[in-house]
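Architecture and fold: a report
Listed below, chain by chain, are the residues.
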Amino acid sequence: MSLLKTENINKYFRDPVLFHALKDVTFELQKGEFASIMGKSGCGKSTLLYILSTMDTDYEGKLYFNDELITNKSAEELAKLRNEHIGFVFQFHYLLPEFSVLENVMFPGLKLAKKSKEEVEFDAMEKLKLLGMESQALKGANKLSGGQKQRVAIARALINNPNIIMGDEPTGNLDSKNSDNVFNIFKELNQTEDLSLLVVTHDTEFAEKTDRIIEMGDGMII
Amino acid sequence: MSDFGLIFKITRTHLLSRKKQSAIAALGVTFGIGTFIIMMGFMTGLNGLLDGLILNRTPHVQIFNEIEPSEVQPIEMALPEQVHFVQSVKPVTNAAKIHNALPLMAELRRDKRVKGVTSQLSAKIFYAAGASDLNGVATGVNIEEEDRLYNISNYITSGDFQGIMKEKNTIILGAGIAKKLSLRIGDKIQLKNTMGAIFPMKIVALYQSGLAEVDNIQSFVNLGTAQRLMGVGNNYITNVNVKLNDVNQALDFSKEMTRRFNVNALDINTANAQFDTGTSIRNLITYAVSVTLLVVAGFGIYNILNMFIYEKMDDIAILKATGFAASDVSKIFISQAILIGFFGGLFGLIFGFVVSWLISQTPFDTEALPTVKTYPVNFNPGYYVFGMIFAMVSTFLAGYLPSRKAKKIDPVEIIRGK
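Residues numbered from 1 in each chain as written. Chains lettered and ligands numbered in written order. Predicted model: local features only at pLDDT ≥ 70, side-chain atom pairs only at ≥ 80, totals over all residues.

Here we look at the overall build of chain A
Operational definition: The helix and strand labels rest on DSSP assignments: H or I over at least four residues marks a helix, E over at least two residues marks a strand, and numbering proceeds from the N terminus. With the radius of gyration taken over C-alpha atoms, the globule rule is written as 2.2 Å times the number of residues to the power 0.38. Whether a residue is buried, exposed or partly exposed is read from the other C-beta atoms within 10 Å of its own C-beta, which are placed from the backbone; 20 or more gives buried, 12 or fewer gives exposed, and intermediate counts give partly exposed. We call two residues in contact when the distance between their C-beta atoms, placed using the backbone, is within 7 Å.
A tally of helices and strands in chain A yields seven helices and ten strands. Over its C-alpha trace chain A gives a radius of gyration of 17 Å, about what one expects of a compact globule, namely 17 Å for 222 residues. Over its C-alpha atoms, taken along the principal directions, chain A stretches across nearly 50 × 40 × 40 Å. Every one of the 222 residues in chain A was classed for burial, and the buried ones make up 46%. Sequence-distant contacts in chain A: of pairs separated by 6 or more residues, those separated by 24 or more amount to 71%.

What follows is the structure, encoded as structure tokens:
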């Protein structure tokens, strides 16, 4: 069963000059698949990821999530979909610096509002335990090291038990030890929770360990 | 946790994490609202005092008989078809008296619009002062009615004003005359009427209106005493003053009186038009200054929130990425502005009230206003309500524009930029 599917996605950048960034990209990601997207800078891999993430809606073509057409859905609906089904891990952690680690992890869960605050807090602690961060839960988010912050960001991505985690260079800022660590976490989530993962990366070593490598070049999947 | 609770939590944390900036933004509102309260209280307090100086003791409608030549001469009635010339027409004597004043007053008292009616007799007299005489007016009044309707007791600086009802040949003397003639309560003063007859009077109280030209000529006596001074009967009345239940009816009422009773009637608005103008201009200035202050405070909030949104680009991007709607993000910033407005406004009201109270306790001694001891301040709660509403509205607007910017931030641009 496909989790993500695109049909003939085209994307243009108009500023400063017209640039055809994605050319007729048709692609499918199965449930439970751990895939990485590789390619040179400017080949359009991040552009594709942000379209798949539903954050970028300025494209031509069709995008399906869970076999449901989500192209042309309202920003409000897409925000809800991201909140419930998609977790994000970026190169930068994007933790809210004024809040504690626990609060940062809890926010998407509180926004979803399917569980009580106590339940969300319990879940958040579980996710932090999973990532070995439970001892830091009450620390301010800006007090952690880079590797720790990235682990908290992963915990935040997991809080609503999403179908997929999307990563844009999630290990780009980490040393090899932390990088391995993040990969192992992803791998374990993929195997134990049947979580799909789609990761844009430059790191060949990281990509080679994934189930499937999607090579991109010049706006097309090779 | 509801959306509102979540947004409020973020809002609160944001505000508390930069206490200094929040406090400065709120202080702008505090000073704006505080100044508004102080200015409104003080200005309208003064307005009320000045208006009261004239308007509270001015009848809503004055009925009198103007001394003027008759418009219709007898010959016109006798020979209406003819052309005639009458030159040097003069008014007849004794015209100052209102005809049938007592039935007129009885009629007025029956009218439901009327709160009270007083009758007066203005007697021109002279105050005997050694070799020379001072011009003056002794107004014959029913002092209890005058006090009930026009608070004359506010202008009695010493003595018992009701004394003129209890004792014959007593007078409430204008403070200016008393000073000129070195007279005190209990002393005697001699009044001369226009025919030269002399009446000794005992001073029971002193009257000070605050207007020197009035205090130098005006005295009050009992109505009967005034009629005796003039040598006229007890139906001789020169002024009938009417106080209405609703002052806005004064103009219509005075027109009606002129038509029905063939008398001159002057309404309060016509008599004191300049006070209305002064009041409205002072109010206008007060509002203009306060609104300017609040607009400046609003720009302060706008500025601080705008800067803050640039600082918080990353946070906005991740909130949007993780499922917060654009409207949630704008709510965070609008609620920050409103919170600043609420607390700034609240402290502004307290600040304004405290300073107003201090002003109202400050001694204010002036010869012109005998019964006023401290600065007049109006503590009308309406200004506090208006101030709070204005604080909320202006800070909402100041937060609305930056929040729109936050709403429009595209998370992809922020995240890809890193």
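Some details on the sheet that holds strand S3 (residues 34-39) of chain A
To be explicit about the condition: Should DSSP find at least two bridges between two strands, the strands are taken to pair.
If you walk across this open sheet you meet the six strands as S6-S7-S8-S3-S9-S10 (chain A), and the pairing is mixed. Two strands in the sheet have a free side with no partner beyond their single neighbour: strand S6 (86-90) and strand S10 (220-221) of chain A.

Remarks on unusual backbone geometry
Residues and elements named next belong to chain A. Phi is positive for Thr54, close to 75 degrees, though the residue is something other than glycine. Tracing the sequence through the fold places Thr54 in the loop between helix H1 (45-52) and strand S4 (60-65). The exposure class of Thr54 is buried, given the 22 C-beta atoms found within 10 Å.

Some remarks on helix H1 (residues 3-17) of chain B
All names here are of chain B. To keep it simple, the criterion reads: Here a helix's expected span is defined as the number of its residues, less one, multiplied by 1.5 Å. Starting at the helix axis, one direction is taken to each C-beta atom, and the arc is that of these directions.
If you check H1, its first and last C-alpha atoms are 21 Å apart, about what 15 residues at 1.5 Å a residue would give, namely 21 Å. Along H1, the residues that are buried comprise Leu6, Ile7, Ile10, His14 and Leu15. Angular distribution of buried residues about the axis of H1 spans 165 degrees; they occupy a single face of the element. Those residues of H1 that are exposed and aimed more than 90 degrees away from the buried face are Phe4, Gly5 and Leu16.

Topic: the nonpolar core
We count it as follows: We call a set of buried Ala, Val, Leu, Ile, Met, Phe, Trp, Tyr and Cys residues a nonpolar core when their C-beta atoms link them within 7 Å.
By size, the foremost hydrophobic cluster in this structure holds 110 residues, and its most contacted members are Val105, Ala155 and Leu198 of chain A together with Ile301 of chain B. Once you skip the residues sitting within four places of it in the chain, Ile301 of chain B turns out to touch Ala25, Gly28, Ala337, Ile340, Thr395, Ala398 and Gly399 of chain B. The next biggest cluster of nonpolar side chains, apart from the first, holds 48 residues, and it includes Val117, Ile171, Phe220 and Met257 of chain B.

Topic: helix H9 (residues 223-230) of chain B
All names here are of chain B. The complete set of buried residues in H9 reads Leu223, Thr225, Ala226, Leu229 and Met230. For H9, the arc enclosing every buried residue in end-on projection is 160 degrees, short of the 170-degree limit, so these residues lie on one face. Buried positions along H9 lie against strand S2 (114-129), strand S3 (132-141), strand S6 (188-193), strand S7 (198-207) and strand S8 (218-222). Directly beyond the C-terminal end of H9, a positive phi value near 70 degrees is found at Gly231.

Any functional reading would require information beyond the geometric quantities listed.
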